[in-house]
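Chains, contacts and geometry: an overview
Spelled out, the chains give:
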Amino acid sequence: MIAERLLSAVMTRENDRLLTLTPTDLIRLPEPDQSKTYMLYAHVPFCERLCPYCSFNRFPYDRTRAEHYFKHLRTEMKLVADRGYNFASLYIGGGTPTVHIDELVATIDLAKQLFDIQEVSCETNPNHLTEKWIGPLTDRVDRMSVGVQSFDDGLLAQMDRYDKYGSGESILESIQDIKGAFGNLNVDMIFNFPSQTEQMLRTDCDLVIESGCDQTTFYPLMASPVVEAQLAATVGRVSYEREAQYYQLICQELASAFEPATAWAFSRASDQMIDEYIIDYEEYIGIGSGAMSFVDSKLLVNTFSLAEYCERIAVGKTGVTHLHQFDIRDLMRYRFLMGFFGLSLDRAQFKEDFGVRIEAGLPVEMTYMRAVGAFDRYDADLITLSPKGRYLLVAMMRQFFIGVNNIRDEARAALDSDEKRILFGDGCEDRM
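So, how was this worked out
- Residue indices begin from 1 for each chain and proceed along its sequence in written order.
- pLDDT decides what is reported in this predicted model: residues at 70 or higher carry local features, side-chain atom pairs at 80 or more are listed and counted, and totals for whole chains, interfaces and linings draw on all residues regardless.
- Side-chain metrics rest on all non-hydrogen atoms present in the structure, leaving aside hydrogens and water.
- Here, a strand pair is defined by DSSP locating no fewer than two bridges between the strands.
- Put simply, DSSP H or I for four residues or longer makes a helix, DSSP E for two residues or longer makes a strand, and each gets a number counted from the N terminus.
- Between Lys or Arg on one side and Asp or Glu on the other, a salt bridge is scored when a side-chain nitrogen of the former is within 4 Å of a carboxyl oxygen of the latter.
- Categorising residues by exposure relies on relative accessible area from a 1.4 Å probe, with only protein chains included: less than 20% of the type maximum marks a residue as buried, more than 50% marks it as exposed, and the intermediate range marks it as partly exposed.
- For this analysis, residues touch if any pair of their heavy atoms sits within 4.5 Å.
- Note that the arc is computed from the directions linking the helix axis to the C-beta atoms.
- Between N-to-C directions, angles span 0 to 180 degrees; the directions come from axes that are lines fitted to C-alpha atoms, helices contributing only their stretch in contact.
- For this classification, under 35 degrees means roughly parallel, over 145 means roughly antiparallel, 65 to 115 means roughly perpendicular, and everything else is oblique.
- Each crossing gets its handedness from the near helix: less than a right angle anticlockwise from the far helix is left-handed, clockwise is right-handed.
- When residues are sorted by character, Ala, Val, Leu, Ile, Met, Phe, Trp, Tyr, Cys and Pro go into the nonpolar class, Asp, Glu, Lys and Arg into the charged class, and all the rest, Gly among them, into the polar class.
- Each Phe, Tyr or Trp ring, with Trp reduced to its six-membered ring, pairs with another whose centre is within 6.5 Å; inter-plane angles below 30 degrees give stacked pairs, above 60 give edge-to-face pairs, and intermediate values give tilted ones.
- Charge-over-ring contacts are defined here by two conditions on Lys NZ or Arg CZ: a distance within 6 Å of the ring centre and an angle within 35 degrees of the ring normal.

1. A word on the pairing of strand S17 (residues 375-378)
- Pairing analysis gives two bridges linking S17 to strand S18 (residues 382-385), with the strands arranged antiparallel. If you follow Phe375 over to S18, its bridge partner there is Leu385.
- Linkage of S17 to S18, two consecutive antiparallel strands, is achieved through a turn of three residues.

2. Overview of the pattern of salt bridges
- Enumeration over the complete set of coordinates arrives at 17 salt bridges.
- The partner of Asp25 in a salt bridge is Lys317, and the shortest N-O contact between them spans 3.3 Å. Separated by 292 residues along the polypeptide, Asp25 in the loop between strand S1 (22-23) and strand S2 (38-44) and Lys317 in the loop between helix H12 (306-314) and strand S15 (320-325) bring together distant segments of the chain.
- One salt bridge in this structure joins Arg335 and Glu282, with 2.6 Å as the shortest N-O distance. Taken together, the residues span a long stretch of sequence, with Arg335 in helix H13 (residues 328-341) and Glu282 in the loop between helix H11 (277-280) and strand S12 (284-287) at a distance of 53 residues.
- The class for Arg335 is buried, based on a relative accessible area of 16%.

3. Focus: the side chain of Glu103
- With respect to the helices, strands and loops of the structure, Glu103 is situated in helix H3 (residues 101-114).
- With near-sequence residues (within four places) excluded, Glu103 lies in contact with Glu67, Phe70 and Arg74.

4. Notes on unusual backbone geometry
- Of note, the bond from Gly94 into Gly95 is cis; its omega dihedral lies within 30 degrees of zero at 15 degrees.
- By the secondary structure assignment, Gly95 is in the loop between strand S5 (87-94) and H3.
- Even without glycine at this site, Asp160 takes up a positive phi of about 65 degrees.
- Locating Asp160 in the fold gives a position in the loop between helix H5 (153-158) and helix H6 (162-165).
- Of note in this structure, Leu343 is not a glycine but carries a positive phi near 85 degrees.

5. Overview of helix H16 (residues 363-371)
- Within H16 the residues assigned to the buried category are Glu365, Met366 and Met369. Buried positions in H16, seen along its axis, are confined to an arc of 90 degrees and lie on one side of it. The exposed residues of H16 that point more than 90 degrees off its buried face are Val364, Thr367 and Ala371.
- Turning to H16, the residues buried within the fold contact H13, helix H15 (358-361), S17, S18 and helix H17 (387-413).
- Where H16 terminates, the next one or two residues include Gly373, which has phi positive at roughly 80 degrees.

6. So, the environment of Val315
- Relative to the assigned elements, Val315 resides in the loop between H12 and S15.
- Overall, the relative accessible area of 60% leaves Val315 in the exposed class.
- C-alpha of Val315 to C-alpha of Ile27: the two residues are 288 residues apart in sequence and 9.8 Å apart in space.

7. A few points about the packing of H13 against helix H14 (residues 347-354)
- Running from N to C, H13 and H14 point in directions that differ by 165 degrees, and their axes come no closer than 11 Å. The pairing of H13 with H14 is recorded here as roughly antiparallel in orientation. Here H13 runs over H14; the crossing is right-handed. Along the contact surface, H13 presents Ile328, Leu331, Met332 and Arg335, while H14 presents Gln349, Phe350, Asp353 and Phe354.
- Taken together, the residues of the contact of H13 with H14 break down into five nonpolar, one polar and two charged.

8. Some points on the packing of aromatic side chains
- Enumeration according to the criterion identifies 19 aromatic pairs in this entry.
- Between the aromatic rings of Trp264 and Phe341, the centroid separation amounts to 5.0 Å while the plane-to-plane angle is 75 degrees, which identifies the pairing as edge-to-face. Taken as a pair, Trp264 in the loop between strand S10 (259-260) and strand S11 (265-267) and Phe341 in helix H13 lie far apart in primary sequence, 77 residues in all.
- Owing to a relative accessible area of 0%, Phe341 belongs among the buried residues under this scheme.
- By the ring-pair criterion, three or more aromatic residues cluster together here, those being Tyr219, Trp264, Phe341, Phe400 and Phe401.
- Across from the ring centre of Tyr378, 4.0 Å away, lies the NZ or CZ of Arg370, which sits over that ring.
- One cation-aromatic arrangement involves Arg398 over Tyr240; the distance from NZ or CZ to the ring centre is 3.9 Å.

Next comes the structure, spelled out in structure tokens:
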């Protein structure tokens with residue numbers, strides 16, 4: 001699709017500017033604006049198996065290392081509370097947050113003591129869908145997201161997930177076994193693997209419906225330059241030529257059971273918690289190694305080094321070591337991207353927040369989107385996306401997250417030799 005190629009090129013150029021970070025030694029977070037509602041993100045950077053397509057900050061699980069980390073994660077949470085922040089929503093991502101269930105439970109309990117938490121979202125992997133891990137969380141977590149990626153055994157083997165997490169059939173049974181344990185059960189999928197056929201994707205959609213999950217998220221395969229090389233050696237070289245075709249297939253196959261919640265999330269009911277917290281909460285605080293915050297017109301990035309993170313928190317500092325200051329145009333573009341990612345944009349709210357109509361603030365972006373037929377409803381109050389517009393947002397968000405993944409790859413490359421060995425083992429320099 002020509003429109004997608006053009007948007008991808010523009011987003012890549014914008015990412016180079018927007019996601020260029022400046023080193024900082026941030027002692028304290030900016031003071032909270034009491035008129036704003038913030039979300040708290042907590043990062044748990046440990047996995048039992050490191051997937052080749054993942055750019056998130058993650059390390060092989062070690063019990064002692066994880067317990068040391070969780071201790072400092074809770075200390076950072078207290079520092080955020082002391083700064084005056086309050087949160088109604090907590091999202092715990094990774095890594096695999098459930099990798100050490102006792103520490104996770106203690107962390108959730110502390111968050112509920114410190115803040116007015118009303119909803120908790122958490123990620124996990126299929127091998128943790130048993131009573132040992134699920135039991136302690138049923139009364140603590142409102143939305144559980146399971147990283148399935150695909151039910152196809154061949155693709156699971158390519159991703160190095162089959163041996164660890166089981167066959168597609170066993171994963172499906174595990175998901176069905178915990179149906180009803182949480183208010184919202186989300187299944188994370190990935191599409192556009194090089195060896196994935198249309199029939200494999202249709203089968204994935206059918207099994208998602210059969211699983212009984214409340215929500216599903218189909219992420220396009222996203223390859224930052226570093227991860228792209230690893231993907232080529234495992235699942236094959238990534239191409240976006242058929243991405244639009246596969247996205248339309250997903251929309252068609254899921255239509256009988258789900259409705260769009262975001263550009264790439266689908267829910268059975270419109271009132272369910274959605275997968276992406278960045279839509280409901282424009283500003284958020286991230287705690288933990290590798291976490292990111294967006295607050296006070298700044299993107300703040302915590303150190304990816306476990307050792308540096310714990311050292312900073314132990315002396316009462318933030319984990320933040322890099323930042324980017326957004327100007328007014330950056331903020332308008334961010335609102336444009338996140339608003340339409342959530343399928344609609346409130347024109348009146350945009351003008352109230354930025355002092356100009358969106359057409360005046362972002363004339364090139366709006367003219368282009370109208371010209372290619374990206375909008376459905378377009379009136380004085382609201383702009384919504386057409387089916388074509390939804391796919392274009394998938395492409396834009398894919399490029400945006402590739403840019404974010406570049407930040408993560410660069411941060412990993414800056415780790416010292418000891419932490420690179422933890423992450424990559426012997427020959428770590430050859431893996432960077």
